[in-house]
Amino acid sequence: AHLDRIAAVDGDLNSFLHVSDADALATAAEVDARRAAGEDLHVLAGVPIAVKDVVVTKGMPTTAGSKILEGWIPPYDATLVERLKAAGLPILGKTNMDEFAMGSSTEHSAYGNTRNPWDLERIPGGSGGGSAAAVAAFEAPLAIGTDTGGSIRQPGAVTGTVGVKPTYGGVSRYGLIAMASSLDQAGPVTRTVADAALLHELIGGHDPRDSTSIDEPMPGLVEAARQGAAGDLSGLRVGVVKELSGEGYQAGVSARFEESLEQLRSLGAEIVEVSCPHFTYALDAYYLIMPSEASSNLAKFDGMRFGLRVEPADGPVTAERVMAATRGAGFGDEVKRRIILGTYALSAGYYDAYYGSAQKIRTLIQRDFDAAFTRADVLVSPTAPTTAFKFGEKLDDPLAMYLNDVATIPANLAGVPGMSVPNGLSDDGLPVGFQILAPAKADDRMYRVGAALE
Ligand code: GLN
């Protein structure tokens, strides 16, 4: 049914870069046979899933939305993909995204825009617009995204889906094409909080192949969602982050946010205001740290090892000139912009002024979170300042595009988990997201609150 749905609507949406019909049907048939034989399978066995194209899949094309990886077929699976396969989830295919996960609209994909199923003239968010659109449009019941600065949560918000960025180290990064290694996390994109909990428990947990993976049992997420759905939040302290609301937020976004606070109060939660003064600098710090790490991570795309190889049009064919020609032709403008920014920020003489200062701000943001979590069990805000904007609206103004991440970035800088749950429709009839943040390794708290709001 999902493959039929993809065939019917993906010509309009462009959520998928690759559809793996045959593999998905083979897995589904195998699961059916094993179930018929009385085997006790995972609860999600047979439930199809779409995977963002930045996650490597053995034998299945993986481009990260870039021309530089066109035609590359990975020889191995990411840990999270291994876990999906072991549990019997058919993989429907790979979803569209901003090139190397750089963007908030999916307009930076080398393979065309993904359209928002709510309004085909509008962006589905980014960088994981393909995964969010696929789930919102019923092309897939579940999807995997990655979130370096909001790329799971902001697409979730603007497409009316649930998106979760786990605690840093909660889900293995082995087999993710790295953008900024100290910020990247993979997580679920779903239609309900309970679905997200099931998927998160399946892909999460320790992996010795990722040196930053947390070697401790995960909190019970499905159980927390079940508790939340029962609707009693008495004793829970919910902190409204002063710096993440008010000015700059669309009126309809703020109105829905206030209504949800009222709902939480009626379920017994205590609402307190907290201040995180250094969040004001989060965007500045992020847009130095992220490009710095990306400039280093993307150095491996050199025309020698993976995908595209372009020889210089004339003159000698030296290694250096092949690398320059390949990177010049293979990377899009946004990727080039960030590599240049990153190498500049890291260069001798500027390192302390830019990268060093950004790292200090990162510490101050972590301390803001620590202080806020002594006063509140979870923190909340709108996920994004506006609903989905129109194609082209922010494409020529990188700073306006970056501003979309103002509420999602602090969580990545501090490594804490974040969830976006659907929060009704704004006055323009488009979906709004409600963001819940919890302390590191306390992802269960978000599931409790998210499920209570559903
Ligand atoms: N929009 C942010 C950026 O462009 C977030 C990206 C992400 O989370 N992958 O960097």
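Computed from a predicted model, the values in this text were never measured in an experiment.

Enquirer: Can you walk me through the pairing of strand β10 (residues 418-425) in this structure?
Expert: Consecutive residues of a regular strand have side chains that alternate between opposite faces of the sheet. Of all eight residues in β10, six are buried; the element is thus mostly enclosed. Of the pairings in the sheet, the one linking strand β5 (residues 162-165) to β10 comprises three bridges and is antiparallel in character. Paired with valine 164 across the strands is methionine 419, a residue of β10. Relative to strand β11 (residues 431-437), β10 is paired through six bridges, and the arrangement is antiparallel. Considered in β11, the bridge of serine 420 is made with glutamine 435. Counting the residues in the hairpin turn of β10 and β11 gives five residues, including glycine 429, whose phi is positive at 80 degrees.

Enquirer: I tried to follow the packing of helix α9 (residues 282-297) against helix α11 (residues 333-346) on my own but got confused; where do I start?
Expert: Between two packed helices, the angle of one axis relative to the other and the distance separating the axes together describe the packing. Contact pair α9 / α11: the axes reach a minimum separation of 7 Å and the direction vectors enclose 100 degrees. Judged on the interaxial angle alone, α11 and α9 are roughly perpendicular. Within the contact between the two elements, α9 uses Leu288, Pro291, Ser292, Ala294 and Ser295 and α11 uses Arg338, Ile339, Leu341, Gly342, Thr343, Ala345 and Leu346. Tallied by class, the residues present in the contact of α9 with α11 amount to seven nonpolar, four polar and one charged.

Enquirer: Is there a simple way to explain the site of the ligand in this structure?
Expert: Ala101, Ser104, Thr148, Gly149 and Ser151 are the nearest of the 14 residues found near the ligand. For the shell around the ligand, the per-class residue count stands at four nonpolar, eight polar and two charged.

Enquirer: For this particular structure, what's the right way to read the UniProt feature "active site" (unreviewed entry) in the chain?
Expert: The sites that carry the UniProt feature "active site" (unreviewed entry) are, in the present numbering, Lys52, Ser127 and Ser151. Taking the farthest pair of C-alpha atoms as the criterion, the annotated set spanning 100 residues converges on one region, since that pair is 10.7 Å apart. Secondary-structure assignment places serine 127 in the loop between β3 (91-95) and α4 (129-136). The residues touching serine 127, leaving out its near neighbours within four places in the chain, are Met97, Asp98, Ala101, Met102, Gly103, Thr106 and Ser151. Counting through the fold element by element, serine 151 comes out in the loop between β4 (142-147) and α5 (153-159). A tally of 36 C-beta atoms within 10 Å means that serine 151 is categorised as buried. Not counting the four nearest positions on each side in its chain, serine 151 is found in contact with Ala101, Gly126, Ser127, Gly128, Gly145 and Thr146.

Enquirer: Would you mind showing me how to read α11 here?
Expert: Its 14 residues give α11 an end-to-end C-alpha distance of 20 Å, which sits within 8% of 20 Å, the value for a rise of 1.5 Å per residue. Residues of α11 that are buried include every one of Val335, Arg338, Ile339, Gly342 and Ala345, and no others. Across the axial projection of α11, the buried residues extend over an arc of 135 degrees, all falling on one side. The exposed residues of α11 that point more than 90 degrees off its buried face are Asp333 and Ile340. The secondary structure elements touched by the buried residues of α11 are α9 and α12 (352-375).

Conventions and cut-offs
- Residues numbered from 1 in each chain as written.
- Predicted model: local features only at pLDDT ≥ 70, side-chain atom pairs only at ≥ 80, totals over all residues.
- Buried ≥ 20, exposed ≤ 12 C-beta atoms within 10 Å, placed from the backbone.
- Helix = DSSP H or I, 4+ residues; strand = E, 2+ residues; numbered from the N terminus.
- Pairing = 2+ DSSP bridges.
- Axes fitted to C-alpha atoms, helices over the stretch in contact; angles between N-to-C directions.
- Parallel < 35°, antiparallel > 145°, perpendicular 65-115°, else oblique.
- Contact = placed C-beta atoms within 7 Å.
- Nonpolar A, V, L, I, M, F, W, Y, C, P; charged D, E, K, R; others polar.
- Near = placed C-beta within 6 Å.
- UniProt positions renumbered as here; feature names shortened; annotations may be inferred.
- Expected span 1.5 Å × (residues − 1).
- Arc of directions from axis to C-beta.

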